[in-house]
Amino acid sequence: MTEKKVRIKIPRENKVRAELQKEIGSVCPFCDNSEVGHFEIHHIDDNPSNNDYKNLIFLCPICHSKITKGDISQTEVLKKKIDILTTNNKSENSNGKVINFNSKIGNAIVGDNNQISIKQTKKTVEKYPLGCLGYDTVKANYVGYLIQRYNEYKESEVGKEKIKYGVFGSMLKKQFKIGVTRTIYNLPIERFEELVNFIQNKIDSTKIGRINKNKHKNYSSFEEFKNRVG
Ligand SMILES: [Zn+2]
C-alpha cells in the first residue's frame, strides 16, 4: 500500500511565491540562472500537503525536473534551503531556522531550537595519492593555470555566454583516459609533460593563440611559473 499524497493548494500562494522569490534573490539557487521566466515551487519533503514555508523552495523548471529525476538529491535540496534560510535569517528571529518535516529525509536531521544540523555519512575527501599529478601542488597548479589560460582565450573567441567551461576538462579526461569519477589531477605524474604539451598546443591553436604567437608567448613555461610562485 502506498501512501496517498494529498496536494493542498498553498494558501495565499501569491504572497508565498513573492517571498520565495525574494528569498532566492530571483536567481535559481541550483544553477544560478537569473533569466528564469517562471519559477516553480518544490516541496522539499516531497509531501505536497506540507505547505510550511520552510518546506518550499523556489527554483527554475530545469532544476525542478532534475530533482524529480533524482539528479539533485533531497539532501542537497534541504541543504540549499537551510543555506538560504541561515543566510537570510541572520538578523531575524531564531525560530525562522527551525524546519519541521513530516517525513524523514534520508539521513538528514533538521534541528531543534537555534540549531540546524545535517548528519550525513561523511564523504571521505579523496586526496590525491602519491604518484598522481594532484599530489604535486606546483605541477597541479601549473596545469590549472594552463587550463585557465585556454578557457580565457576560448572565452574571447566564442563569447562569455557561449563558453562551456567544463568541456575542456572533459576533453582532457577523455584524451588521457581518466575515469569518470576522477579528475585530470589523477593523472600519473610521469605524464605531466605530455599533458602540459597537449594543453599548450591547444592554447596555441586557439584563434587568439595563433594571433599572439609571434608577438608574445601565450603562457609561462613551467620553469617560469615555478619561479614565480616559488
Ligand atoms: Zn535552476
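Owing to the predicted nature of the structure, the values given are computational and were not obtained by experimental measurement.

Undergrad: Give me the lowdown on the coordination of the zinc ion, citing residues and values where you can.
TA: With distances of 2.2 to 2.4 Å, the protein atoms coordinating the zinc ion are C28 (SG), C31 (SG), C60 (SG) and C63 (SG). Angles of 105 to 115° at the metal separate the four donor atoms of the zinc ion, which places the site in the tetrahedral class. Within one chain, the residues serving as donors to the zinc ion are arranged as C-x2-C-x28-C-x2-C. Remark: C60 occurs in the loop between β2 (56-59) and α2 (61-69) and C28 occurs in the loop between α1 (13-23) and β1 (40-43); sequence separation between them is 32 residues. When sorted by exposure, C28 lands in the same class as C60, which is buried.

Undergrad: Go over unusual backbone geometry, please, and point to the residues and values.
TA: A positive phi angle, close to 45°, is found at R12, a residue other than glycine. Of note, R12 is situated in the segment before α1. One non-glycine residue with positive phi stands out, namely K177, at about 50°.

Undergrad: Please set out the confidence of the model for the chain residue by residue, giving values where relevant.
TA: Confidence in the prediction for the chain averages 80 pLDDT; 81% of positions are at 70 or higher. Summarising per-element confidence for the chain, the mean pLDDT is lowest in helix α8 (residues 222-229) (84) and highest in helix α6 (residues 192-204) (96). Throughout residues 91-126 the model reports pLDDT below 50, and contacts reaching past four residues in sequence, or to other chains, amount to 56 contacts.

Cut-offs and rules
- Residues numbered from 1 in each chain as written.
- Predicted model: local features only at pLDDT ≥ 70, side-chain atom pairs only at ≥ 80, totals over all residues.
- Heavy atoms only, no water.
- Donors = N, O, S within 2.8 Å, 3.2 Å for Na, K, Ca; no water.
- Tetrahedral: all angles 85-135°; square planar, octahedral: opposite > 155°, others 65-115°.
- Helix = DSSP H or I, 4+ residues; strand = E, 2+ residues; numbered from the N terminus.
- Buried < 20%, exposed > 50% of the residue type's maximum accessible area, 1.4 Å probe, protein only.
- pLDDT = per-residue confidence, 0-100.
- Contact = heavy atoms within 4.5 Å.

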